[in-house]
Every structure is written in structure tokens, then in C-alpha cells.
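Each chain, written out:
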2 protein chains.
Amino acid sequence: MFTGLCAFPLTPLRQQDIDEQAFSRILARLTDAGVDSLGILGSTGSYAYLSREQRRRVVQVAKAHAGSIPMMVGVGAIATSEVLRLVEDAQQAGADALLLPMMSYQPLAAEEIYAFYEEVCRHVSVPVCLYDNPRTTHVTLPDELQTRIAALPAIASIKIPGLPEPRASERVAALRRHLPARVSLGVSGDAWATVGLQAGCEVWYSVCGGLFPHLSRGLVNAIRAGDTTEVIALNEQLAPLWRCFDRYGGSLRVIASAAAILGLCDPDSLPRPLLPLGEEARRDVATALHGLA
Amino acid sequence: MFTGLCAFPLTPLRQQDIDEQAFSRILARLTDAGVDSLGILGSTGSYAYLSREQRRRVVQVAKAHAGSIPMMVGVGAIATSEVLRLVEDAQQAGADALLLPMMSYQPLAAEEIYAFYEEVCRHVSVPVCLYDNPRTTHVTLPDELQTRIAALPAIASIKIPGLPEPRASERVAALRRHLPARVSLGVSGDAWATVGLQAGCEVWYSVCGGLFPHLSRGLVNAIRAGDTTEVIALNEQLAPLWRCFDRYGGSLRVIASAAAILGLCDPDSLPRPLLPLGEEARRDVATALHGLA
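Residues numbered from 1 in each chain as written. Chains lettered and ligands numbered in written order. Predicted model: local features only at pLDDT ≥ 70, side-chain atom pairs only at ≥ 80, totals over all residues. Heavy atoms only, no water.

## Some remarks on the sheet that holds strand S8 (residues 155-160) of chain B
All names here are of chain B. Spatially, eight strands are ordered S1-S4-S5-S6-S7-S8-S9-S10 in a closed barrel, and the strand pairing comes out parallel. Taken over all neighbouring pairs, the strand axes of this sheet differ in orientation by 25 degrees on average, direction set aside. Pairing between strand S1 (residues 4-7) and strand S4 (residues 37-40): two bridges, direction parallel. When the sheet's bridge partners are listed, Ala7 is paired in S4 with Leu38. Here helix H9 (residues 213-225) sits on the sheet and contacts S1 and strand S10 (203-206); the angle it forms with S1, its principal contact strand, is near 155 degrees. (Pairing = 2+ DSSP bridges. Helix = DSSP H or I, 4+ residues; strand = E, 2+ residues; numbered from the N terminus. Axes fitted to C-alpha atoms, helices over the stretch in contact; angles between N-to-C directions. Contact = heavy atoms within 4.5 Å.)

Written out as C-alpha cells, the structure reads:
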């Protein structure tokens, strides 16, 4: 399942609780488009802000929509004990894989990070994707630590942040040199998807794919087919959206705003303390959406 | 209550659940020494790693020991909704004040941080101490934002990280210029306690005070009395402990190790993913303890 387009949908809220109807509308777009996999409760799915009960409900709703599409579920938390409870919940609700970031409060030693993955992996019954996202977790995972963790039999993929060339190719090559063949690499950071896939990543862990699955699917297909004209055309279409990600504090608030503009969820669907974008930013996002096919 | 020595005890665990007996032993040291206030569920109290139920129990146990000593309770969480639940729990369990950090997952805009404090402060019935600890929260609170937050009527104190001179005096003076008179300043970062108190902080938010309340009490008294000889002597006594804080990833693991050496809790009392110190580090801590009166 760790190949192609993995779509990370929002978890839209209404008055700070799960908006199941809006979530179902977003999920239907993804299943209709036939994404390769779903990435439920990723950063875009606001996992870090939801209670255990809310996360359990989100996974249940997603599973009811997923059909035959494999579903990966984020199980990050600061405390290992909470992660183990979330693993249990996700697996019981039908998760086909788990997305596991190393969150932190106290700065962690490499040995503590390794021991965390080792302990969690001992408790899982489905494959695990190692989630490397220092921007939100503030945990830096050096390549040698990632490859050491990836030697744990449960690890099936690594989700790495996007990078420009030549660093993308260098990083993919450096990781590959020490990774078991079973471990796929996936790129996130949507603006770097093309670079990442061309550098050899097998999967796009995609925020954009969680709301615009046809366009994202088209980009993956064009890259695989080596259709440079189409790749350039799609990147040009998406560039204004990605500029909004840069301008407005990352992808989450922008994608939530885009979903509201499309009539899929409330204008205020984000978990507090996050606030929806202001009027000017929303206009920018609306303009970016106009350019999308 | 935001003056003098505020002692932050460990929350010792046994097999990853609250070790109430060990916690009671530690609390008894603090109440026997007559600290000015208790800081329950601070960073040293591992608040970020405990479930809502565990935190509720910790506050209940602490309240049962506190007697007439005012008790401040940490209520930090990534999601505002969880913070509001923790506020309710802490107040019901008898908290006399709340310690409120700005935790983060997605990087936050200044307006989001202000709105968070504004919303939480609207729901509290006891005074709030603004907790500034970028090392663990990865949220930087510029002085102008802190003074804006401190204008909220519920804010009664600010817990700032320790700084060397002349930056300590400059920072205290800069904050004071814009702070309401009701808002006290407190220094944390134990090695900087003397500098912070001499620079004008009214309270020492103290990790060391959570395990060595007599020594810490003595330091506060000597500083207040202007007894330079005693201040120097106490700092020299404590210096080896503070060097361990620097060497071994911060104060928490060191203080947990010290508490175990004193026979107060298990050698492994930390919440996973945190690991207890290794043998060599523990020997260093033991040596540092030998020098304490």
C-alpha cells in the first residue's frame, strides 16, 4: 500500500467537535477518485489536537468509507502509553497501517527515540510508516537513526519532508543505501512532490491529494509516464496553492480554507488554538482555487 | 502566592502509572520545609506525558498534602479543548492557581497565541501564571506578546527561563515597564535563580526546590538578606547538580535520578519515551548529592 498517491484528508470540526458530515463529503471525493491509500489523522487530519475518543470516531467514519482502499492512521502522541492506546484503537477500527511520528516535550536522546519505536513496533499488528516531520514535532531524526529504526520488521515506509534538488536525490540515495528493500520512501511537502517522486520516492504523502485527488493523481501518473509537459502544466496549476502554504503558516489552514470555499465544511473547521485564515488570505486561496482544473 | 520559593516536585511513576506513595514522600519533604507554594504538574511533574485521569489523581494527592500551602497546577495541552477540561479538573480538585504554557504542534501566529490565553482566562476562577518555556514547548513568546497577555485580568505571574547577566536585568526591566503591578515575575532554570532573583524576580519557580526545599529556601532567604557569603556558599554546593542538568539533557532526568538515589522513588520513575539516566550519569548525580548539606 505504500506506493502512488496517499491522500491526507482534513478532519473538519464544527464547534470544536468532529463534523462527520463534512468529513464524509471529503472522504467521498477521495474514494471516488480512487486514491491509492488514505492517510487518516495525519498532521492535516489534526491528530495532535484530538482526544482519544475523537480519534477513534474519525477512524471509524473513515473505515466506513474506505471500501477496498487501504487506510493508514496517525497514532502520534507525546507519551508512549497514549501511543499504545491509540495503536490499539486504530487497529480495532480497521487501520491497515499506522503513521508514527516522534512527538516530544522534553528534548529526546537518540536512544530514547529508538527505544520508543522499538517498543511501539513490538505492539503493532499492521505495518508502520515512520513519520519524519521536524517542523511540527521539533524532533530531528538523523538518517542513521532512521535507518536503524527502519530495520525493525514492522517499519514499511518513511515519510520524509520535501527537499529541493540536489538535496532530494542525495537524501533518497543516502537513505536507500541502508534501508531494507521492503521499506518505501514517501515525500510530503506538496510543492516538492515532483522533485521527490523523480528522485525515487515511491509514494506521495499528499495534503493536496486529500482535497484535490484527481489533480494529484494526474500529477503522479504524469511523473510515472515521464510526461514532462503534463508535469509542468500541473505544477503550474498548483503553484498558487503552494505559495499560499508558504505564505499562511503551512498547508493546514490553507486547505481548511479551500475546503470551506468548496462548500465541504464550515469556514471555521480548525481545532483551537488554530484560527481560520483572515479575509485577505481567504481571497488569495480562492484565487488559487480558480486556476485549478 | 506568587512570591518566594515555588517548589516543583516530580510526578514519580512506577510501571508507567502514578506512584502515589513515592509522590507523597516527595510532597512531605516540601510541606515539612514550608515552601511558599507548590508547582504541581510542571515540566518536572511530567504534565505533558500524563493522561487527564492521571493528572486529576496527581492534583488530588497533592491537595491532600498541601494543607495551607497554595498549590499551582500545570494545565498545558496542545488542544485548547483539552486545556479547558484540565482547568475544570484542577479547579475542582482545589488548585489555587494554574500554570499555563502555550504548547504547539502546528507553528502558531501571535494572534492565535493571544486568543488561546484570552479564551482560557475567560474560563478560569483562579489566577494564572503564564509559562514561558520555549525549550520544551518550541513556542517563543516575544515580550510584547507576553505583556499583552499579562493585561488579561486573570494573569498573576510570568514564569520566565533563566538568563545570565546583563540579559536577566534587561529582560526583567523590559517586562516590568509594560506589566500591570499585580503580575509577578518568576525565574526558572535553577542555575540562574540567584541572578534572576537579584535582577528583581519575586519568585523562584524551582526544580531543585521540589526535591531540596531546605537548601532552596536557604538560598532565597540569603538573597533576600543580602548575605553574599551564604549565597556564594549555597551556589557552590548546588553547582555540581546544575552541571548535571546541563550534561544530561535537562533537569528532569537528573532530579528523577536524585530522588531514586535518596530512596524516594523507583530508579525508573520517568514517563516513556523518557529513559532513566545510565550508570555513569547516575554516579555523577550521586557525587553531586554528596556535596549537599
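## Things to note about the state of the cysteines
Residue and element names in this part refer to chain A. Scanning the model with the defined rule gives zero disulfides over all chains in all. Unpaired in terms of disulfides, Cys129 finds its nearest cysteine sulfur in Cys6, a separation of 7.9 Å. Looking at Cys129, the relative accessible area reads 0%, which means it is buried. (Disulfide = S-S within 2.5 Å. Buried < 20%, exposed > 50% of the residue type's maximum accessible area, 1.4 Å probe, protein only.)

## A closer look at the sheet that holds strand S7 (residues 128-131) of chain A
Residues and elements named next belong to chain A. In spatial order, the strands read S1-S4-S5-S6-S7-S8-S9-S10; together these eight strands close into a barrel with parallel pairing. Between one strand axis and the next, the sheet turns by 25 degrees as a mean value, whatever way the strands run. Bridge analysis of strand S9 (residues 184-187) against strand S10 (residues 203-206) gives two bridges, and the strand direction is parallel. By the bridge assignment, Val187 is partnered in S10 with Trp204. Contacting strand S4 (37-40) and strand S5 (71-74), helix H2 (residues 52-66) runs over the sheet at an angle of about 170 degrees to S5. Where helix H4 (residues 110-123) meets the sheet, its contacts fall on strand S6 (97-101), S7 and strand S8 (155-160), and the angle it forms with S6 comes to roughly 160 degrees.

## With respect to the packing of helix H1 (residues 20-33) of chain B against helix H2 (residues 52-66) of chain B
Two numbers describe a pair of packed helices, the interaxial angle and the distance between the axes. Residue and element names in this part refer to chain B. Direction vectors running N to C along H1 and H2 enclose 40 degrees, while the axes themselves pass 10 Å from each other. Relative to H2, H1 is oriented oblique. Judged by the sense of rotation from one axis to the other, the crossing of H1 with H2 is right-handed. Contact with H1, carried on its side by Glu20, Phe23, Ser24, Leu27 and Thr31, involves Arg57, Val58, Val61, Ala62, His65 and Ala66 of H2 and no other residues of that element. (Parallel < 35°, antiparallel > 145°, perpendicular 65-115°, else oblique. Left-handed = near helix turned anticlockwise from the far one by under 90°.)

## Considerations on unusual backbone geometry
In this structure, the amide linkage connecting Glu165 of chain A to the following residue, Pro166 of chain A, adopts the cis form with an omega of 5 degrees. Looking at where Pro166 of chain A falls in the secondary structure, it is placed in the loop between S8 and helix H7 (167-178). Within the chain, Gln16 of chain B stands out as a residue other than glycine whose phi angle is a positive 70 degrees. Here Gln16 of chain B lies in the loop between strand S2 (13-14) and strand S3 (17-18). According to the relative accessible area criterion, Gln16 of chain B is partly exposed, its value standing at 26%.

## Points about the packing of helix H11 (residues 251-261) of chain A against helix H12 (residues 279-290) of chain A
All names here are of chain A. At a minimum axis separation of 10 Å, H11 and H12 run at an interaxial angle of 70 degrees. In this view, H11 runs roughly perpendicular relative to H12, as classed from their interaxial angle. Where H11 crosses over H12, the two elements pack in a sense that is right-handed. Seen from H11, the contacting residues are Val254, Ser257, Ala258 and Ile261; seen from H12, they are Arg282, Val285, Ala286 and Leu289. By residue class, the composition of the contact of H11 with H12 is six nonpolar, one polar and one charged. (Nonpolar A, V, L, I, M, F, W, Y, C, P; charged D, E, K, R; others polar.)

## As for helix H11 (residues 251-261) of chain B
For H11 of chain B, the tally of buried residues reaches 10 of 11 residues, placing the bulk of the element in the interior. Here H11 of chain B has its buried residues at Ser251, Leu252, Arg253, Val254, Ile255, Ala256, Ser257, Ala258, Ala259 and Ala260 of chain B. Each element contacted by the buried residues of H11 of chain B is listed here: H4 of chain A together with helix H10 (228-247) and helix H12 (279-290) of chain B.

## Points about the relation of the copies chain A and chain B
When chain A is fitted to chain B, the residual RMSD is 0.0 Å, and the transformation amounts to a turn of 180 degrees plus an axial shift of 0.0 Å. Both copies are brought into coincidence by an operation consistent with a two-fold rotation axis. Looking at the rotation axis and the C-alpha trace of chain A, the residue lying nearest is His138 of chain A, at 3.7 Å. Taken as a fraction of all interface residues of chain A, those also at the interface in chain B reach 100%, which identifies the copy contact as same-surface. (Least-squares fit on C-alpha atoms with pLDDT ≥ 70 in both.)

## Brief notes about the UniProt feature "binding site: pyruvate" (unreviewed entry) in chain A
Residue and element names in this part refer to chain A. The positions UniProt marks with the feature "binding site: pyruvate" (unreviewed entry) are Thr44. Relative to the assigned elements, Thr44 resides in the loop between S4 and H2. Apart from the residues lying within four places of it in its own chain, the contact partners of Thr44 are Phe8, Pro9, Leu10, Thr11, Val207 and Leu252. (UniProt positions renumbered as here; feature names shortened; annotations may be inferred.)

## Description of the pairing of strand S5 (residues 71-74) of chain B
Residues and elements named next belong to chain B. Here S5 shows a buried face lined by Met71 and Val73 and a second buried face lined by Met72 and Gly74. Of the crossover connections in this fold, the one passing from S4 over H2 to the parallel S5 is right-handed. Where S5 meets strand S6 (residues 97-101), three bridges bridge the pair, whose relative direction is parallel. Looking at S6, one finds that Gly74 is bridged to Leu99. (Right-handed = clockwise from strand over helix to strand, strands pointing away.)

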